[in-house]
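Fold and contact review
Here are the chains, one letter per residue:
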Number of protein chains: 4
Amino acid sequence: MTTVGQLINGEITVEGTRQQAIYNPSTGEISKQVDLASKKTVEEAIAVAQAAFPAWRNTPAIKRARVMFKFKALLEEHAETICTLIGEEHGKISHDAAGELQRGIENVEYACGAPELLKGEHSKNVGPNIDSWSEFQPLGVVAGITPFNFPAMVPLWMYPMALVCGNCFILKPSERDPSATLFIAQLLKEAGLPDGVMSVINGDKEAVDTLLNDERIKAISFVGSTPIAEYIYATANGNGKRCQALGGAKNHAIVMPDADMDNAVNQLLGAAFGSSGERCMALSVAVAVGDVAGDALIGKMQAAMQSLNVGPHFDANNDFGPVITQAHQQKVIAYIDSAEQQGAKIVVDGRHAKVLGFENGFFVGATLIDDVSPDMVSYKEEIFGPVLQVVRVQTMQQAMDLIDAHEYGNGTCIFTRDGEAARYFSDNIQVGMVGINVPLPVPVAYHSFGGWKRSLFGDLHAYGPDAVRFYTKRKTITQRWPSAGVREGAEFSMPTMK
Amino acid sequence: MTTVGQLINGEITVEGTRQQAIYNPSTGEISKQVDLASKKTVEEAIAVAQAAFPAWRNTPAIKRARVMFKFKALLEEHAETICTLIGEEHGKISHDAAGELQRGIENVEYACGAPELLKGEHSKNVGPNIDSWSEFQPLGVVAGITPFNFPAMVPLWMYPMALVCGNCFILKPSERDPSATLFIAQLLKEAGLPDGVMSVINGDKEAVDTLLNDERIKAISFVGSTPIAEYIYATANGNGKRCQALGGAKNHAIVMPDADMDNAVNQLLGAAFGSSGERCMALSVAVAVGDVAGDALIGKMQAAMQSLNVGPHFDANNDFGPVITQAHQQKVIAYIDSAEQQGAKIVVDGRHAKVLGFENGFFVGATLIDDVSPDMVSYKEEIFGPVLQVVRVQTMQQAMDLIDAHEYGNGTCIFTRDGEAARYFSDNIQVGMVGINVPLPVPVAYHSFGGWKRSLFGDLHAYGPDAVRFYTKRKTITQRWPSAGVREGAEFSMPTMK
Amino acid sequence: MTTVGQLINGEITVEGTRQQAIYNPSTGEISKQVDLASKKTVEEAIAVAQAAFPAWRNTPAIKRARVMFKFKALLEEHAETICTLIGEEHGKISHDAAGELQRGIENVEYACGAPELLKGEHSKNVGPNIDSWSEFQPLGVVAGITPFNFPAMVPLWMYPMALVCGNCFILKPSERDPSATLFIAQLLKEAGLPDGVMSVINGDKEAVDTLLNDERIKAISFVGSTPIAEYIYATANGNGKRCQALGGAKNHAIVMPDADMDNAVNQLLGAAFGSSGERCMALSVAVAVGDVAGDALIGKMQAAMQSLNVGPHFDANNDFGPVITQAHQQKVIAYIDSAEQQGAKIVVDGRHAKVLGFENGFFVGATLIDDVSPDMVSYKEEIFGPVLQVVRVQTMQQAMDLIDAHEYGNGTCIFTRDGEAARYFSDNIQVGMVGINVPLPVPVAYHSFGGWKRSLFGDLHAYGPDAVRFYTKRKTITQRWPSAGVREGAEFSMPTMK
Amino acid sequence: MTTVGQLINGEITVEGTRQQAIYNPSTGEISKQVDLASKKTVEEAIAVAQAAFPAWRNTPAIKRARVMFKFKALLEEHAETICTLIGEEHGKISHDAAGELQRGIENVEYACGAPELLKGEHSKNVGPNIDSWSEFQPLGVVAGITPFNFPAMVPLWMYPMALVCGNCFILKPSERDPSATLFIAQLLKEAGLPDGVMSVINGDKEAVDTLLNDERIKAISFVGSTPIAEYIYATANGNGKRCQALGGAKNHAIVMPDADMDNAVNQLLGAAFGSSGERCMALSVAVAVGDVAGDALIGKMQAAMQSLNVGPHFDANNDFGPVITQAHQQKVIAYIDSAEQQGAKIVVDGRHAKVLGFENGFFVGATLIDDVSPDMVSYKEEIFGPVLQVVRVQTMQQAMDLIDAHEYGNGTCIFTRDGEAARYFSDNIQVGMVGINVPLPVPVAYHSFGGWKRSLFGDLHAYGPDAVRFYTKRKTITQRWPSAGVREGAEFSMPTMK
């Protein structure tokens, strides 16, 4: 059986002490195993990064950026391989994996602009003949800890920017689907990255805690669930590290009575069920304003969902695939059960989805639930499955109050044709990423990604402009030159007097 | 006896339950007392701010900025009063107080540029007919906790920027010298700030802990000693607040053999002894490179120090005044004692300074210590007194290694005429604020202030551009408009068909 | 009779050779005369500015900005005097003059941010140990030539930014209403501007041509009619000067069928007739889409116009005042005549406006013309009077085609509630300043003002961010320091070897 | 014989009416001929570009940037071919051609950052519920006219940025060495650029004048000699086009007495003689401050020049190759003659350079002239050959006065180790691009290129940040949404009431 190892100093190694099984969620079978790094292995990766830092830091930004130019080309060249690896371990359909990879590549593209992004501010004459300027210097060795749901994209949110800013990077990807992440990182060597500047550590809590506690690690970027994000943030901060930790979400769409309903339904299909709802930006709640809108939404959604296909990752005709594990499959189903028990109406029921030939796969069918209320468990918690819940209200303000009362504030969307409603919503809603007729308002790579409230711990958002500030520290220099007589020049005709 | 009270909702109130004495450090006598706010009083201030927030947030940035335009004029108009209040409670000489106030006003001037500083980024066509932009929205109610050594300037680092970004602000100044701070804050009302948007709470740990634990407070800015900064940062973060906490310093100047020595000595006098060394940017260590430079430095400093005057705040002929308390006076003297005991050479001894007519004032004379080594207590810790210690090394690299080995990384300076030495130093030194022939490289208000290592906890520096990012949260909006048929127009000739 | 003189080197002088009458348009009488500068006088102002330049250029930006802080306060203090002067010579009602002044002051406020606006870009390590940065240096002596219609605002678009960028400035205001302009400029001395840095030259073509041809003038900003703008631009450029020349306009509003018609009418009243239509951003054409919208617009406008008052400047109950001269009054009336002759329908006729007690004032009443077509003279040319012409079309695209076919491209507006219509319009229309339900989309001072097509000659717009680039030249510095052995230090222990 | 044709609409065509010979300067023989486009052909290219514009303008910036990502890879892949083409027609040695190409590619890299560079400024609440933002929209069809000396680099300064900003582009390269330029442009198709968006027109004055006079061309970028630059600028501006026209240079290096002389000499060798001095940034004058520095400079230069090799382009051992034409060879020699006749001292004489086997090549040897004075013809005019002239002065100020008195202000450099001299020089010298110990201070691609005085006509510099502003026009949008009742929502439960 293949063992997925560690990438340290440009080489793949297998420690061989502890392993964990990797499943193919489409079949439910174990396909590989992953090596779990010990503290010692993680420390070796840190030491190697520490050693590589001085030279990498002094490499001109444009040369660091050129590694990313080549990396982008290599990612495009190997896209099919990467998408297959994603599908085998995550279950994502190939077109969805390709979309994920593309969003990841966009972060590499942004990192190619490092020389522009790293420009400091220069002020002439802050006082008479005194100049001052700011530089944005790298932090040193920094780390990223990433979740299973985007094994290509989320790591690419982090290290391209960290690297071009002059840092060395250690990545700890999810142990459930590490292969695509590792394959991608190996391309960096071919792209020209010096060995040691970037390492990938597969592991579990031991690896994570080593990263959190080693003082040579200067910053941690994390994406995962809110309880873990909170732990990571507190521990990293307590250890004097910079940290940004992205957690859970419960993204609501408001469907206004004036919305283009066919368009809204079409958009919601992908936003709610794509990638089996295992996206932190998945739209899991639709809030219909007024009964007319509510009835239309339920009716059209129900009809549209008939043609959705769930099945194995390799069949591009499928709309979405299995969830990540059997345990998670059961958890999603339990949420649907609880909604039913608490009085909601299961309009389309995906609990008993069967995929011919893949009876052991971890499938859940697309599910639509009406008459959901804010006190239900299924509303309060993040389901992370292909479940769209509909809440009905009478006014837009009620819809907004619901959203603002939720503990998460990641993404949200409004469907309307009205400029004023859109503007009022986007201005006032307490959510970090807002869509106007855009159901998955994931910011493009040249903006930054971040939720509000308990969806993000930290000051700065992920990728985009904020990433430059996160991965650098500001140094401000103030300079005055006293006269050394050189300008007068004549003195210099007689150098013996010097 | 005058009681310094609380400024809440535009009114001064005195709770009257607990008080603390305020001393005049020049005379050693109690001059006033300060009311110490209870938790209840702090919560009232928070409630008032919370109520004022929605309207203030919606006030156009230019109108918020105009409050600062008037505030600047009022500060200039009342400068003399403010400087007197500073002198009476802090002991700072009037010209030094005027300098402090001026640096504070510069932050007000910067805040006047809010409409420019708050511009978000707009991207047309992030996809076909999809636009995206970022807004920087205020956090809500935020707080500042400030130290005794700059009762005018440090608060002005914080609230002008916080306010123009649309936040409401609660300030907890030092209880040792609160009067100038309070006087200044009262001018905001005359400047047009709505009541409740800004409150000043005088108090002690009870007030601080209320601010740290109340969930309505969204961010804390702190300046003080490193242990407290670390506590504030950990607590605020643990409570889900944004925080920047500035701590202690041990600022070194490297004196290179090619330095203009007269200029260096002249600069060091002010940087080491100004404000009795009670500045987080005070230059407290000079590192002489080579014996020739070292001997010249000691010789010229010793000579120059003869003409320094220490005495009461109101006499502008004095170069610096008393330290803040009798306890601190004793602590500074104890540091000098320890240096002597550990083998350093007291070249100029300020331990027995006597000021005629002010025998009970908390005075310490300017002190110069040679042959200091890194293992001495007086070198490791922040003295915060008028003491300049000289360390001698043989190379610039040794000097830099010393600086990098110290726990603090606030400010530093090099005296040299050589472009390459200056560039190597400013590039590599692990300190956040670097001077080249500038001994107090406090960034001007349109750059940002922040040390590295244990001198600052947090991602973002104080005031300047970083303050905009600190006092706002990023919201990214992605917008697509579906066609509603309006553009075709003809449909609208018959509105009944709509 | 009062003679309005020249402001040179901080003093008002009267050359006394040639004069021109200044009228009070409300009464039709001559009220003052203005001194017309000879070439020699203009050259003296240039020489004085040239002499003042080196010191002003080297004044730190923050100190230059502080002149503007005081200038703003003085403008606010003297607002009433300024508005009276405007009214007496221009005819503008006091509330309108106050609005003009306020927009001017906003440019002064923006100029206060000079230290931020003048920051250059700094790049560390553009190559190994090579740094590079850009500075924005002042041009030298620059000039502004401004029109009669905004004697306070348009000059304030120019010189505050030019001055804080480090330039010296010579202003040639309109000879029809120079008093407010001159009064304002005199406040600069009190605000702390050194004598000679700014001069005001009253004059005619002789003065203008001197400015255009003197090689010491490095840049010209002009606002006026398109033929003159074109001449100024060509001549200035031919003489090696930088130039931005703003010309005429024909600003259209599209009224969509879904518009809030009451709001649209209310907005159009002010935008079409305010300041007697003598604004380059006046809305002079309304394009109604569909007959229903057209009929509603005409009906509601006609009704609303009944309550408009035209009369002398000093009566705040008036909505607008006279036009600038008798000749211009006749010209406006002739345009209305021509529209009538060419087949348009005069719905409200202002040709025979009589103001009791001011029978000789240069009044034209508010005029509404329906059924205007693009081939009419009154449509093709800029009327610059209180005349709103309505064109009727059937689709939004037809409305946009009309606008794009016109030679001018200054401002435009759409009235709609539909997000998609607004976005399509603002994206595609060939006009530089676009309003969505905002009839006078004059950019705020922290954006920049500029039309497209024949409304502006030059690359850069007026005021705001573009003004920084216009009033400075870029200098890029690339720096590498060869080792001089200073860093090694040991060499310096034996200075005799130096 | 090969005929170099036109690239229009993605196809190479040969009009065949008029041709001009292309020489191989290393052999002196005719190698190819170039087709000279008629007015009709140019107009066809314009029409094609005009047609391609709407779709290209609406292509998201990131997609336009991706064409540049591929273009960069193709340029690197075909580098050898390109360098050979440059060598054959220009005479440049392969390593020099590779350097040129690399600088060109850096502009392509910068253009890849288009989505970041095109961000507009967004202001929330410029007034109550009114937002305003700026967009930078493309101009339409723009053109570039480029010189023989950098057939790869200078075109790449222009069109990558113009294209990613959304413009269509027509390039008119030098007719002396068009092949490399054409080859490069053909790669754009493979990189994914739609046909018609970019055309290359080979031709002479007829082609140039067509571009200058056709109103569909919205902007012209030009690099060449100052008289032509002035003509281009005046004509383009007169025709309502935006223009930037870069002209000639006379770049001085100041050699200070404290300079590291070996380093200075080493740098000057390449800067003066590289590419036979046919660079607008070539260092053609060295100003020695003091006789000691002057004598050392002459002595060391003379010695170092012994090892310089001049010869054919294909031999990488050569340091530089022939000049572009026989006529130019004679002109360079005539300048050396004139210097000699006017009293200068020819220290190293390159007038009689012979290259074995290439006796008909257009070679001029490296020439060093001492005792040059400002009144000599060879000093006043641009030689554009491998000639370094030395002027001797006694003070740095005299050296700076010389530079400031020259009509050109392109580049300059100072050799010194002194921070104050460097700062004074870079601050005050009237030259746009300044080197401190950097003899060819060509700004990197993420800064902008531009001289001062008669070295550049126009407001904005070439490439880098200024190019974004040059190739776009600013549109400012101000938006307010009137309430349409949609937010209240309840109204919408009964759509029949709408």
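About the cut-offs
Residues numbered from 1 in each chain as written. Chains lettered and ligands numbered in written order. Predicted model: local features only at pLDDT ≥ 70, side-chain atom pairs only at ≥ 80, totals over all residues. Heavy atoms only, no water. Contact = heavy atoms within 4.5 Å. Buried area = accessible area lost by both parts, 1.4 Å probe. Salt bridge = Lys/Arg side-chain N within 4 Å of Asp/Glu carboxyl O. Polar contact = N/O pair within 3.5 Å; in protein donor to acceptor, adjacent residues only side chain to side chain. Helix = DSSP H or I, 4+ residues; strand = E, 2+ residues; numbered from the N terminus. Nonpolar A, V, L, I, M, F, W, Y, C, P; charged D, E, K, R; others polar. Pairing = 2+ DSSP bridges. Least-squares fit on C-alpha atoms with pLDDT ≥ 70 in both. Phe/Tyr/Trp six-rings, centres within 6.5 Å; stacked < 30°, edge-to-face > 60°. Lys NZ or Arg CZ within 6 Å of the ring centre and 35° of its normal. Core = buried A, V, L, I, M, F, W, Y, C linked by side-chain atoms within 4.5 Å. Buried < 20%, exposed > 50% of the residue type's maximum accessible area, 1.4 Å probe, protein only. Domains from an automatic or database assignment. Expected span 1.5 Å × (residues − 1).

Taken together, the contact pairs 49 residues of chain D with 49 residues of chain A. Here chain D meets chain A over a buried area of about 4100 Å², counting both sides, of which 59% is carbon and sulfur. Remark: the boundary between chain D and chain A carries eight salt bridges. At the junction of chain D with chain A, the criterion picks out 16 residue pairs in polar contact (both at pLDDT 80 or more). Looking at the side of chain D that touches chain A, the elements with two or more residues in it are helix 2 (61-77), helix 4 (94-111), helix 5 (114-117), strand 6 (120-127), strand 7 (130-138) and helix 15 (419-428) of chain D. The greatest single-element share of the side of chain D that touches chain A, amounting to six residues, is contributed by helix 15 of chain D. Residues belonging to the side of chain D that touches chain A are distributed by class as follows: 23 nonpolar, eleven polar and 15 charged.

Read across the open sheet, the three strands follow the order 1-5-4 (chain C); overall the sheet is mixed. The strands lining the two open edges of the sheet, one partner per strand, are strand 1 (3-4) and strand 4 (18-24) of chain C.

The subject of this paragraph is the interface of chain A and chain B. Each partner contributes to the interface: chain A provides 63 residues, whereas chain B provides 63 residues. Buried area between chain A and chain B, summed over both chains or domains, comes out near 5100 Å², and the portion from carbon and sulfur atoms is 48%. Together, His-447, Asp-459 and Arg-474 of chain A form the three largest contributors to the area buried by chain A at its contact with chain B, with a combined 13%. Asp-466 of chain B serves as the salt-bridge partner of Arg-474 of chain A, at 2.8 Å between the closest nitrogen and oxygen. At the boundary of chain A with chain B, the tally comes to 40 residue pairs in polar contact (both at pLDDT 80 or more). Looking at which element gives the most residues to the side of chain A that touches chain B, the answer is strand 23 (residues 472-480) of chain A, with eight residues. Tallied by class, residues from the side of chain A that touches chain B come to 25 nonpolar, 24 polar and 14 charged. Bridge count between strand 20 (residues 433-436) of chain A and strand 23 (residues 472-480) of chain B: four bridges; the pairing is parallel. In the strand pairing of strand 23 of chain B, Gly-435 of chain A is matched with Thr-478 of chain B.

Once that is clear, we can look at the sheet that holds strand 4 (residues 18-24) of chain A. Residue and element names in this part refer to chain A. Spatial strand order, 1-5-4: three strands in an open sheet with mixed pairing. Only two strands of the sheet have a single partner each, and these edge strands are strand 1 (3-4) and strand 4. Judged from the two bridges that link them, strand 1 and strand 5 (residues 29-36) form a sheet pairing that is parallel. Across the sheet, Val-4 pairs through a bridge with Val-34, a residue of strand 5.

This part covers the relation of the copies chain D and chain A. Turning chain D through 180 degrees and shifting it by 0.0 Å along the axis lays it on chain A, with an RMSD of 0.0 Å. Between the two chains, the operation in question is that of a two-fold axis. Among all C-alpha atoms of chain D, that of Gly-113 of chain D lies closest to the rotation axis, at 2.7 Å. Taken together, the interface assignments show that 100% of the residues at the interface of chain D recur at the interface of chain A, consistent with an identical surface on both copies.

Following the criterion strictly, the structure yields 44 aromatic pairs over all chains and no others. Centroid distance Phe-148 of chain C to Phe-384 of chain C: 6.1 Å. Interplanar angle 80 degrees. Geometry classified as edge-to-face. Remark: Phe-384 of chain C occurs in the loop between helix 13 (377-380) and strand 17 (387-393) and Phe-148 of chain C occurs in the loop between strand 8 (141-145) and helix 6 (153-164); sequence separation between them is 236 residues. An aromatic cluster of three or more residues is present, and its members are Phe-71, Tyr-159 and Phe-169 of chain A. Over the face of the ring belonging to Trp-452 of chain A we find Lys-473 of chain B, whose NZ or CZ atom lies 4.0 Å from the ring centre.

This next bit is on the nonpolar core. Counting residues in hydrophobic clusters, the biggest one holds 430 residues, and the most contacted among them are Phe-71 of chain A, Phe-71 of chain B, Phe-71 of chain C together with Phe-71 of chain D. Leaving out residues up to four positions away in the same chain, Phe-71 of chain A has contacts with Val-108, Leu-156, Tyr-159, Ile-184, Leu-187, Leu-188 and Ala-191 of chain A.

Take the domain arrangement of chain A next. The accessible area lost on association of the parts is a frequent measure of interface size. Residues and elements named next belong to chain A. Each domain of chain A was delimited in the assignment, giving domain 1 (3-247 + 455-477) and domain 2 (251-436). With centres defined by C-alpha atoms, the gap from domain 1 to domain 2 works out at 31 Å. Carbon and sulfur atoms make up 60% of the surface buried where domain 1 meets domain 2, a total of about 2000 Å² over both sides. Considering only the side of domain 1, the residues that lose the most area to domain 2 are Ser-26, Ile-93 and Ser-455, jointly responsible for 26% of the buried surface there. Viewed at the interface, domain 2 and domain 1 are joined by one salt bridge. With a closest N to O distance of 3.0 Å, Arg-279 and Asp-96 form a salt bridge. Across the contact surface, domain 1 and domain 2 share ten residue pairs in polar contact (both at pLDDT 80 or more). Secondary structure elements with two or more residues in the side of domain 1 that touches domain 2: strand 4, helix 3 (79-90) and helix 4 (94-111). By residue class, the composition of the side of domain 1 that touches domain 2 is five nonpolar, 13 polar and six charged.

Turning our eyes to something else, we now look at unusual backbone geometry. Comment: phi is negative for the bulk of residues other than glycine, and the bulk of peptide bonds are trans. Residues and elements named next belong to chain C. If you check the backbone angles, Ser-276 has positive phi at about 55 degrees while not being a glycine. Its location among the elements puts Ser-276 in the loop between helix 10 (261-273) and strand 14 (283-289). Owing to a relative accessible area of 1%, Ser-276 belongs among the buried residues under this scheme.

Here the focus is helix 12 (residues 326-341) of chain A. Residue and element names in this part refer to chain A. Compared with the 22 Å implied by 1.5 Å per residue over 16 residues, the 22 Å span of helix 12 between its first and last C-alpha is a close match. Of the residues making up helix 12, those classed as buried are His-328, Gln-329, Val-332, Ile-333, Tyr-335, Ile-336, Ser-338 and Ala-339. Each element contacted by the buried residues of helix 12 is listed here: strand 15 (345-348), strand 16 (367-370), helix 13 (377-380) and strand 17 (387-393).

What follows concerns the side chain of Thr-412 of chain B. Residue and element names in this part refer to chain B. You can see Thr-412 is positioned in strand 19 (residues 411-415). For Thr-412, a relative accessible area of 1% gives the class buried. A polar atom in the side chain of Thr-412 sits 2.7 Å from the backbone oxygen of His-252. Ignoring any residue separated from it by four or fewer positions in sequence, one finds Thr-412 in contact with His-252, Ile-403, Phe-425, Ile-429, Val-431, Met-433, Val-434, Gly-435 and Pro-441.

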